[in-house]
Amino acid sequence: MLAPNILKQSRKTRKADLEEWRIIMLEIILHALEHGALDSLKLVPFLFLTYLAMEYLEHKTGSKTEEVVRKAGYFGPAVGSLLGALPQCGFSAAASNLYAGRVISMGTLIAIYLSTSDEMLPIMISEKVSPVLILKILGVKILIGMLAGFIIDFVMHRKKEEEHIHIHEMCEEEKCHCEKGIFHSAVSHTLHIFVFILLVSIALELVLGFVGEDALAGLLLNRPVLGPILAGIVGLLPNCAASVVITQLYLQGAMGFGTMMAGLLVGAGVGILVLCRVNHHKKENLQIIGLLYAVGVLAGIVLELL
């Protein structure tokens, strides 16, 4: 007579546990949607103002920047790494075209890729991150890009081929409609990045809710080798989503400085995508991607150990 009662009680317990689990899941999802949306909406005014300033600078100095890189010669890696760190839309893509026409060296191209800030800068500005930290990150990226560029050029002994190349307007890759004016372009960029930040924020909130903040941080924090390797893989994504994910994870405290730097160094925005499209030497493209990943991850490991 006891067995049926025990069985009924067991079924009721399982049903109650299942219902409780569903309630917890719903609470986590609603919490993620609410906090992700609120946190993302707060950034919109700052993102817009930052992109408006960036668009103004690029429209005033974009062609001059490309011309400076063209004439840099042996000092290409130094000039490229400095200019690559400036907030410019599509500069890494323009550099890919310059390299495909052999106007700049491989070292200069990789220096630009390594120093490119992509979406890290506007996100950190909108999040009111300390200017000292932002300058530190940019300084490290410039230094690593410069050193790597000179070493690569020295080892490769590449001779610049004198070929004429037409630089296409690479903002089309991001559909920012620059031809319609800086205001329209800034709005387009802001909406584009807002969607990325919103999705990443919600995803992070869900992961933190289900997995736990300690578990996520434990995967990337205090792992001087695994962390940078994983961040470098994320950085290889050929769009702005990579830098958005990496920057947000760092600001959430889920990764260390070295791990973040590995991802940001490898991340070259749409530059790699454009390189694979305009440069028809596939083995060379793989070599460039491999060097970019190796330098970024190695630098991240060293910084994480330090």
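Quick note: structure is the one above.
This one's a predicted model, so the numbers in the text were calculated from it and none came from an experiment.

### Looking at the overall build of the protein chain
- When you go through the protein chain residue by residue, the secondary structure sums to 13 helices and zero strands.
- Seen in sequence order, the protein chain has helices and strands lined up from the N terminus as α-α-α-α-α-α-α-α-α-α-α-α-α.
- Going through the 306 residues of the protein chain one by one, you find that 48% of them count as buried.
- At a minimum sequence separation of 6, the contacts of the protein chain that also span at least 24 residues come to 82%.
- Working note: accessible area of the protein chain is about 16,000 Å², and carbon and sulfur atoms make up 68% of it.

### Describing the packing of aromatic side chains
- In the structure shown here, the tally under the stated rule is zero aromatic pairs.
- Note that K136 overlies the ring of F257, its terminal NZ or CZ placed 4.7 Å from the centroid.

### Looking at empty space enclosed by the protein
- Within the structure shown, the criterion is met by two cavities of 30 Å³ or more.
- The space that makes up the second largest cavity amounts to roughly 60 Å³.
- If you trace the second largest cavity, you find 15 residues lining it, with D118, S243, L264, G267 and A268 closest to the centre.
- Contributing elements (two or more residues each) for the lining of the second largest cavity: helix 10 (241–251) and helix 11 (257–266).

### Remarks on unusual backbone geometry
- Positive phi, normally seen in glycine, also occurs at K128, with a value near 60°.
- In this fold, K128 is placed in the loop between helix 5 (120–126) and helix 6 (131–156).

### Looking at the environment of F154
- By the element assignment, F154 lies in helix 6.
- Residue classification places F154 among the exposed residues on the basis of a relative accessible area of 63%.
- Between the C-alpha atoms of F154 and G107, which are 47 residues apart in sequence, the distance is 8.5 Å.

### Some thoughts on the nonpolar core
- Ranked by internal contacts, the top residues of the largest apolar core, which has 45 residues, are I104 and M260.
- Of all the secondary structure elements, the ones that give two or more residues to this core are helix 3 (91–100), helix 4 (106–115), helix 5, helix 6, helix 10, helix 11, helix 12 (271–278) and helix 13 (282–305).
- Per-element tally for this core: the top contributor is helix 6, with eight residues.

### Describing the packing of helix 4 against helix 6
- The interhelical angle for the contact between helix 4 and helix 6, taken along N-to-C directions, is 160°, at an axis separation of 8 Å. Comparing their axes, helix 6 and helix 4 come out roughly antiparallel. In the packing of helix 4 onto helix 6, the handedness of the crossing is right-handed. Only K141, I142, I144, G145, A148, G149, I152, D153 and M156 of helix 6 make contact with helix 4, whose side of the interface consists of M106, G107, T108, I110, A111, L114 and S115.
- In terms of residue class, the contact of helix 4 with helix 6 is built from nine nonpolar, five polar and two charged.

### Quick notes on a nonpolar patch on the surface
- A surface patch of nonpolar side chains, amounting to about 450 Å² of accessible area, comprises L26, I29, L30, L33 and F210.
- On the basis of relative accessibility, which here comes to 42%, the residue L33 falls in the partly exposed class.

### So, the packing of helix 9 (residues 226–235) against helix 11
- For the pair helix 9 and helix 11, interaxial distance at closest approach is 7 Å and the crossing angle is 30°. As far as their axial angle goes, helix 11 and helix 9 are roughly parallel. As helix 9 runs across helix 11, the sense of the crossing is right-handed. Across from G227, P228, A231, G232 and G235 in helix 9, the residues of helix 11 making contact are T259, A262, G263 and V266.

### Here's the deal with the side chain of S115
- Mapped onto the elements, S115 comes out in helix 4.
- With relative accessibility at 0%, the residue S115 sits in the buried group.
- Discounting residues that sit within four places of it in the chain, S115 has contacts with G80, S81, G84, A85, K141 and I142.

Quick notes on the rules
Residues numbered from 1 in each chain as written. Predicted model: local features only at pLDDT ≥ 70, side-chain atom pairs only at ≥ 80, totals over all residues. Heavy atoms only, no water. Helix = DSSP H or I, 4+ residues; strand = E, 2+ residues; numbered from the N terminus. Buried < 20%, exposed > 50% of the residue type's maximum accessible area, 1.4 Å probe, protein only. Contact = heavy atoms within 4.5 Å. Areas by Shrake-Rupley, 256 points an atom, 1.4 Å probe, with all protein chains shown as cover. Phe/Tyr/Trp six-rings, centres within 6.5 Å; stacked < 30°, edge-to-face > 60°. Lys NZ or Arg CZ within 6 Å of the ring centre and 35° of its normal. 1 Å grid on protein atoms, 1.4 Å probe; cavity = no way out; pocket = protein on both sides within 12 Å on 5 of 7 lines; lining within 4 Å. Points joined across faces, edges and corners; volume = space filled by probe spheres on them. Core = buried A, V, L, I, M, F, W, Y, C linked by side-chain atoms within 4.5 Å. Axes fitted to C-alpha atoms, helices over the stretch in contact; angles between N-to-C directions. Parallel < 35°, antiparallel > 145°, perpendicular 65-115°, else oblique. Left-handed = near helix turned anticlockwise from the far one by under 90°. Nonpolar A, V, L, I, M, F, W, Y, C, P; charged D, E, K, R; others polar. Patch = residues over 30% accessible without salt bridge, like charges linked within 9 Å, V, L, I, M, F, W, Y side chains within 5 Å. Salt bridge = Lys/Arg side-chain N within 4 Å of Asp/Glu carboxyl O.

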